[in-house]
Amino acid sequence: RVAVHFSDNVFCTSKYSYTAMFNKTRIMPVGIDTSLFVKSTREPFDKRYILFLGRISPIKNPDIFLEALNILNKDGVVFEARVIGNPNVSDIEFCERLKALAKDYDLLDRVTFEQSVPNLETPLLYNGSAVYVNLTPSGSMDKTIFEGMACESLVLVHNKSLKEDIDDLFVVDYLNGESVAAKLRDLLLLNDEDRERLGAGLRRIVIEKHSLSKLSGALIEEIEK
């Protein structure tokens, strides 16, 4: 609040952000480098990979993600999942509990926990995955969602800010294992033609609304006012 008071303008990317309530706030494009985050021409993985990428923290709801995978596993759905990211020091114990939960769910042959990677390497991860899952709440607009979309990767999010732009197929309304599992099942069962069509549509949204050029243009427009 103090920072907002002393600012001429406030920029954020989500109307659900804390700062969105101030009159001086402007909703801005996310700003994605669409030349870096792009669909790869290499062969995709044979298996149906599900990607969960980002800092390991309770606010990201990775425990709900594991709960959903447990349901899919019991239902006989074929998948392999990668949880990629490091916890903050304060969340190391939480991360260990996640690994214990995966063991309790008998998912250790389906789920791997991996260290974080540099941002420049993430396009390969998006391209090699059937679905990128991000369960961060609506107040935070994770850039990784749009980076995945720019790579034409299918996404599954719990963020009301995106409901105006993307199909309901990609949005989880209720944050629980059953809802996430149901959406994941639908996405994994898509045929190749529908997957390509939907992926291209997601990239188009990023180019039209959230590219670096859109962000720079919006910033210049605000500066010149």
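Parameters and conventions
- Residues numbered from 1 in each chain as written.
- Predicted model: local features only at pLDDT ≥ 70, side-chain atom pairs only at ≥ 80, totals over all residues.
- Heavy atoms only, no water.
- Helix = DSSP H or I, 4+ residues; strand = E, 2+ residues; numbered from the N terminus.
- Rg over C-alpha atoms; globule rule 2.2 N^0.38 Å.
- Buried < 20%, exposed > 50% of the residue type's maximum accessible area, 1.4 Å probe, protein only.
- Contact = heavy atoms within 4.5 Å.
- Lys, Arg positive; Asp, Glu negative; His and termini not counted.
- Charge placed at Lys NZ, Arg CZ, Asp CG, Glu CD.
- Pairing = 2+ DSSP bridges.
- Axes fitted to C-alpha atoms, helices over the stretch in contact; angles between N-to-C directions.

Visitor: Help me out: how do you make sense of the overall build of the protein chain in this one?
Guide: The secondary structure content of the protein chain amounts to eight helices and seven strands. Radius of gyration (C-alpha) of the protein chain: 18 Å, near the 17 Å computed for a compact globule of 225 residues. For the protein chain, the proportion of its 225 residues judged to be buried stands at 47%. Counting only contacts in the protein chain whose residues sit at least 6 apart along the sequence, the fraction spanning at least 24 positions is 69%. The average position of the 28 basic charges and that of the 34 acidic charges among the side chains of the protein chain differ by 3 Å.

Visitor: Help me understand the sheet that holds strand S3 (residues 49–53), please; the structure alone is not making it clear to me.
Guide: Reading across from one edge, S5-S4-S3-S6-S7 is the order of the five strands in this open sheet, with parallel pairing throughout. Across the chains shown, the open sheet's two edge strands, defined by having one partner strand only, are strand S5 (111–114) and strand S7 (154–157). Strand-to-strand twist of the sheet, defined as the mean angle between neighbouring strand axes without regard to direction, takes the value 20°. Strand direction decides the pairing type here: strand S4 (residues 80–84) and S5, joined by four bridges, are parallel. Counted as the bridge partner of Ala81 is Val111 from S5.

Visitor: How should the environment of Asp63 be read in this particular structure?
Guide: One can find Asp63 in helix H2 (residues 62–74). Its relative accessible area of 29% is what places Asp63 among the partly exposed residues. Sequence spacing of Asp63 and Phe170 is 107 residues, and the spatial spacing of their C-alpha atoms is 19 Å. If near-sequence neighbours (up to four positions away) are discounted, Asp63 is found in contact with Leu98 and Leu101.

Visitor: Just to check I follow, could you spell out helix H5 (residues 143–150) for this structure?
Guide: For an α-helix, 3.6 residues make a turn, and residues three or four places apart therefore share a direction. Counting buried residues along H5, seven of its eight residues qualify, which places the element largely inside the surrounding structure. All of the buried residues in H5 are Thr144, Ile145, Phe146, Glu147, Gly148, Met149 and Ala150. Buried positions along H5 lie against helix H4 (122–127), strand S6 (131–134), S7 and helix H7 (192–209). Of the residues one or two after H5, Glu152 is the one with positive phi, at around 65°.

Visitor: When you look at unusual backbone geometry in this model, what are you seeing that I'm missing?
Guide: Comment: phi is negative for the bulk of residues other than glycine, and the bulk of peptide bonds are trans. Phi at Asn61 takes a positive value of approximately 60°, unusual for a residue other than glycine. Along the chain, Asn61 turns up in the loop between S3 and H2. Its relative accessible area of 13% is what places Asn61 among the buried residues. Despite not being glycine, Asp106 shows a phi value in the positive range, around 60°. Relative to the helices and strands, Asp106 resides in the loop between helix H3 (92–104) and S5.

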